[in-house]
Amino acid sequence: MADILLFSYGTLRQVEVQMALFGRPVAGVPDALPGFRQRMIEISDAEVIAKSGTKWHPMVEPSDDPADAVEGLLFRLTPQDIASADAYEVDYVRRAVTLRSGLTAFIYGDRDD
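Only a predicted model underlies this, so the values are computations on that prediction, with no experimental measurement involved.

Conventions we followed
Residues numbered from 1 in each chain as written. Predicted model: local features only at pLDDT ≥ 70, side-chain atom pairs only at ≥ 80, totals over all residues. Heavy atoms only, no water. Buried < 20%, exposed > 50% of the residue type's maximum accessible area, 1.4 Å probe, protein only. Helix = DSSP H or I, 4+ residues; strand = E, 2+ residues; numbered from the N terminus. Arc of directions from axis to C-beta. Contact = heavy atoms within 4.5 Å. Pairing = 2+ DSSP bridges.

Caption draft 1: Local environment of helix 1 (residues 15–22). Considered for burial, the residues of helix 1 that qualify are Val 17, Gln 18, Leu 21 and Phe 22. The arc that holds the buried residues of helix 1, viewed along the axis, is 100°, so those residues lie on one side. Summarising the contacts, the buried residues of helix 1 are in contact with helix 2 (46–52), strand 5 (69–77) and helix 3 (79–88). Gly 23 occupies a position one or two residues after helix 1 and carries a positive phi of about 80°.

Here's what the structure looks like:
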């Protein structure tokens, strides 16, 4: 079964979140999302807050500044891992983007973008 590429700029990079969702730490490689900037949003889901340890989570949005890019990690995940991540990312929608590396990967982003 093929791995699914997922770029994380937020709490999915935390080992404690990975352990809660995937049952293991997941190694990622650095990459970036060009043409985007980051802002913080308040999460209200108690389970997500308990897993991440905070109610403030980053969100990305398109930027008008071509120099903007959001740094993060690129993970290779199983379909089961993605299902767990989808259930965790309740305030986000998963969509495909092109990273600085040229790879296409999923991110969790704003429902309105």
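Caption draft 2: Structural context of the environment of Gln 80. With respect to the helices and strands, Gln 80 occurs in helix 3. Using a relative accessible area of 64% as the deciding quantity, one classes Gln 80 as exposed. As a C-alpha pair, Gln 80 and Val 48 span 32 residues in sequence and 18 Å in three-dimensional space.

Caption draft 3: Structural detail: the pairing of strand 1 (residues 4–8). Counting buried residues along strand 1, 4 of its 5 residues qualify, which places the element largely inside the surrounding structure. With 5 bridges connecting them, strand 1 and strand 5 associate as antiparallel partners. Bridging across to strand 5, Phe 7 finds its partner in Leu 74.

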